Amino acid sequence: MSRAIHGDLPVRFRYTPGVANTSFFEALRDRGVLLGSKCEACSVTSVPARMFCERCFAELSPGVECGPGGSVESFTIGHVGIDGEALDEPVAVALVRLDHADSVLMHRLLGIESPAVGMRVTARLRPQAERSASILDIEGFERE
Amino acid sequence: MARRVAVIGAGMTKFVRRAQETGKELSWIAGRAALDNAGISLADVDAVCAGTAPDAFDGVHRKGDYLADGSGAWGKPYIRTFVGGGTGVFVPIQAWYTIASGMADVVLVLAEEKMSSCQPHPQGAFLTIFDNVIERPLGPNLLWIFALEMQRYMQAYGLDKRDIATVAVKNKRNAADHPSALLGQADITVEDVLASEVLAHPVQRLDVSPISDGAVALVMASEEAAAKLTDSPVWVQGVGWNLDSTYWTNRDLAYPEYVENAARMAYDMAGVTEPRKQIHVAEPYDPFDYKELHHLEGLQLFDKGKAPEAAAAGVTARDGDLPVCPSGGLLGVGNPIAAAGLMKIAELFWQLRGEAGARQVPGTPERGVAQAWGDLMQVGTVVVMGTDGGPSTTATRQGTPPIGPRATPLTDEAFRSAAGAVDEPLDLTYEWDTGEAMGAFLEGMRDGRVVATTCAQCERTLVPPRVFCERCFRPTDGWTEVEAVGTVETFSICHVRWDMVALDPPEIPAVIRLDGASSGGFLHKLDEVAPDDVSIGMAVEAVWKPVEERTGSILDIAYFRPRHGGEDR
């Protein structure tokens, strides 16, 4: 006779952001800027900043301020939550290519009824007093 | 015909309790150091082989491609392999056949572990290695497996704990000369080890390697590529790997047969016929001090039960007849699981090149063996490396010497207050299906019966029952029952829970061999006996819960107790 036995995995995780992300988050919280890193050899700028170039393994420093403006690379409008339940308000999420960056950043779109690929947007940050060194210090992107 | 394969560079981070760096960043530090040591760039690498232990340590699934950027895998053939604690010595085996088969000439080999994210204790991630249905309900602790095995090993050969403790002393002293070590300690004594807190008797705090973060990398190359890149390649002469029964309580806990099988495979390939003469330096897996000794015996370097007295006599010291873990091993350098195994290969590389600095063993070692162990404590992975008598190329070495390792330790306070830190619960629950055989076993519990199956071909009576015989790979032939009486195969007195919260009174987990079963024992607990009165071979019987409280669970047996009138073995 076969039947189900119930169990769990009683662990949780605490992730500290690492060397490069710490620079990114502290600059975001303290100065309200979005820091990227540029690999001169590969001519590729990534944001958030990285400690190393994944293409050539060069060491990078977080020296490039990207955005706050950028363009929508792609977007989606979600009508259901993670359990498949209907959302009261649809959620718009976009991949935004910040000015001066080659990589894209995933974040929310704010107050844009009909987004379009290529649309110019700009980051809206929380007031400095409310910022906590989190990706949510960016509230989202709104029409430029 | 397999192509010859060499190690031509190695690098590692410092091993730390908690690193500020992410796993990706640790991987990159080690990978970059190995490339620099080999004198090549990432563009020279054809393929990448990576190893990292359970995803549950990080709460990140598909850790292989999560680490891909730090592993240098962008746009390259890449694979992550995983055999638990055996991973670190298996990754170079993966790289070996990637090169030996002709698929690549230069391979970057990466092993990374970041255990510090897992809260409240990384042991939680190990709970899932126990059988979901008949072991997890007992509230097991990873230390149980080690304590039960150590106890069995000590009893089988009449070993002295003091001799075993000399391994912890040797390795922590050796590690004092390793620039990457977490727990090097030049002045530690056997008395310190024997006086340390008892966690799960006979395991004490200083018998155990520390939880750590870190990464290690190698560059491996074909003979043709190595000839162009270095004047001192270290050759992979033999590789082997092997697995014992997945029913860990059915194993011979006193001797690691799977290590012997893996070692024989590697020695055969390497042409090693007399390992005690032909192996000049060894790096066996030492997450616990007794494991180094257990594994040295499996590696055929000492007779069964004889490694402890040899260790106590100094034979395995750095300047002894057979230097063992001159690196400082897991006990001294640290145990970021997969990285710790690969650290052993890196140490052989440095030792055989004569580049180990203060750790260098005397003489000119020409051949070494490294080994790791893991999964549900039954995989053996073995690599034999050697210089083949000296330089076989005319290349001039271009790389940097082994560089100063880095990684930034985070204090408890910095860990708690780190800007941008994120806390994530896993919030998962599971429903495990018992399957037919285990379902019947649990229904039997409800009636106070121990259900078994039989295999007519190998003539075994199997507990726990299975619907197929794993040795004969055919259906079992019928159901039977065995009495709930047996003997204690091994036991521990455990003072901590899996999350290291103290238990008072302690609990007594044991492997019980039922009289009617031929497959070996199963895991349960003892009670109605003082801890000091428990002995291996003691006759015991099940104490069942009242019928109305039974639920069809392994816990329907409340515990086992001494069987009065029973015959001790």
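It should be emphasised that the depicted structure is a prediction, and the values quoted were computed from it without experimental measurement.

The rules we used
Residues numbered from 1 in each chain as written. Chains lettered and ligands numbered in written order. Predicted model: local features only at pLDDT ≥ 70, side-chain atom pairs only at ≥ 80, totals over all residues. Heavy atoms only, no water. Helix = DSSP H or I, 4+ residues; strand = E, 2+ residues; numbered from the N terminus. Rg over C-alpha atoms; globule rule 2.2 N^0.38 Å. Buried < 20%, exposed > 50% of the residue type's maximum accessible area, 1.4 Å probe, protein only. Contact = heavy atoms within 4.5 Å. Areas by Shrake-Rupley, 256 points an atom, 1.4 Å probe, with all protein chains shown as cover. Lys, Arg positive; Asp, Glu negative; His and termini not counted. Charge placed at Lys NZ, Arg CZ, Asp CG, Glu CD. Pairing = 2+ DSSP bridges. Axes fitted to C-alpha atoms, helices over the stretch in contact; angles between N-to-C directions. Buried area = accessible area lost by both parts, 1.4 Å probe. Salt bridge = Lys/Arg side-chain N within 4 Å of Asp/Glu carboxyl O. Polar contact = N/O pair within 3.5 Å; in protein donor to acceptor, adjacent residues only side chain to side chain.

### Let's talk about the overall build of chain B
Check the secondary structure of chain B and you find 16 helices and 25 strands. Taking 25 Å as the expected radius of gyration for a compact globule of 569 residues, we find that chain B reaches 24 Å, a close match to that expectation. Counting over 569 residues, chain B shows a buried share of 62%. Taking the intrachain contacts of chain B between residues at least 6 apart in sequence as the baseline, contacts between residues at least 24 apart amount to 74%. For chain B, the computed accessible surface area is about 20300 Å², with 50% contributed by carbon and sulfur atoms. Computed over 50 positive and 77 negative side-chain charges, the separation of the two mean positions in chain B equals 3 Å.

### Considerations on the sheet that holds strand β4 (residues 44-46) of chain A
Residues and elements named next belong to chain A. Pairing is antiparallel across the open sheet formed by three strands, whose spatial order is β4-β3-β5. If you trace the sheet from one side to the other, it starts and ends with β4 and β5 (64-66), each paired once. On average, adjacent strands in this sheet sit at an angle of 40° to one another, irrespective of strand direction. Across the face of the sheet, helix α1 (residues 18-31) comes into contact with β3 (34-39) and β5 while running at roughly 140° to β3.

### Section: the interface of chain A and chain B
Contact residues are listed per partner, giving 34 residues for chain A and 67 residues for chain B. The contact between chain A and chain B buries some 4300 Å² in all, and 58% of this surface belongs to carbon and sulfur atoms. Of all residues in chain A, the largest losses of buried area upon contact with chain B belong to F13(A), R14(A) and F57(A), amounting jointly to 21% of the total for that side. Our count for the chain A to chain B interface comes out at three salt bridges. Salt-bridge contacts for R406(B) lead to E59(A); the nearest nitrogen and oxygen are separated by 3.5 Å. For the interface between chain A and chain B, the tally reads 17 residue pairs in polar contact (both at pLDDT 80 or more).

### Section: the pattern of salt bridges
All names here are of chain B. Applying the stated rule across the entire model yields 48 salt bridges over all chains. Where R513 meets E489, a salt bridge forms, and the shortest distance between an N and an O atom there is 2.9 Å. Here E489 lies in strand β20 (residues 485-491) and R513 lies in strand β22 (residues 502-514), a separation of 24 residues in the sequence. Of the residues examined, R513 reaches a relative accessible area of 25% and is grouped as partly exposed.

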